[in-house]
Structure formats: C-alpha cells, structure tokens
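# Breakdown of the fold
Read off the chains here:
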Amino acid sequence: MAWLDIVAPPSFSVTPSARSWCTCGYERNAIGRAAVLQLVTAHGEHRTSCPLLNPTPEGRTAA
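Report follows, based on the coordinates.

Definitions and limits used
Residues numbered from 1 in each chain as written. Predicted model: local features only at pLDDT ≥ 70, side-chain atom pairs only at ≥ 80, totals over all residues. Heavy atoms only, no water. Helix = DSSP H or I, 4+ residues; strand = E, 2+ residues; numbered from the N terminus. Buried < 20%, exposed > 50% of the residue type's maximum accessible area, 1.4 Å probe, protein only. Contact = heavy atoms within 4.5 Å. Areas by Shrake-Rupley, 256 points an atom, 1.4 Å probe, with all protein chains shown as cover. Pairing = 2+ DSSP bridges. Axes fitted to C-alpha atoms, helices over the stretch in contact; angles between N-to-C directions.

## Thoughts on the overall build of the protein chain
Looking only at helices and strands, the protein chain features one helix and three strands. In the protein chain, the order of α-helices and β-strands from amino to carboxyl end is β-β-β-α. Sorting the 63 residues of the protein chain into buried and exposed places 21% on the buried side. Restricting the contact set of the protein chain to residue pairs at least 6 apart, pairs at least 24 apart contribute 20%. Of the roughly 4,700 Å² that the protein chain leaves accessible, carbon and sulfur atoms contribute 58%.

Pasting the structure below:
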C-alpha cells in the first residue's frame, strides 16, 4: 500500500508539506509548493513501479 499525505493550509502565506510512503520501504518528504508538486508526481510514478503494488507473474505461463 502507498500513501500520500499533503498538508496545505488555506492561507497562501503558509508553506505546504507532503509525505509519501509505501510498505515496500519507499519514503519521501517535501516542503514548499514546487517540492510538493514534484512529490505528487514521484508518488504516482512509484505506484506504477512498486513491486508490492504491481507484482510480476514470475514462473507463470499464459494459458
């Protein structure tokens, strides 16, 4: 399972932060608008490549 937690208060003067983590050991933190946006992108990329979320059918053959 992969999680993304974003803290973005409604005030534009407050700096947003985010944390992305997964049961496979992947964990990243970001502070600031640009860094949070990059983390959101990285989180999406991790979800498509994580071995726990997308197991490969090793040893299986197509029917």
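## Considerations on the side chain of histidine 43
Position of histidine 43 relative to the elements: it lies in helix 1 (residues 33-49). Those residues in contact with histidine 43 that lie beyond four places of it in its chain are Ala2, Trp3, Leu4, Ser20 and Tyr26.

## Quick word on the sheet that holds strand 3 (residues 27-31)
Sheet architecture is open: three strands sit in the order 1-2-3, paired in antiparallel fashion. Only two strands of the sheet have a single neighbouring strand rather than two, namely strand 1 (2-7) and strand 3. Averaged over all neighbouring strand pairs, the angle between strand axes comes to 5°, with direction disregarded. Where strand 1 and strand 2 (residues 17-22) come together, six bridges link them in antiparallel fashion.

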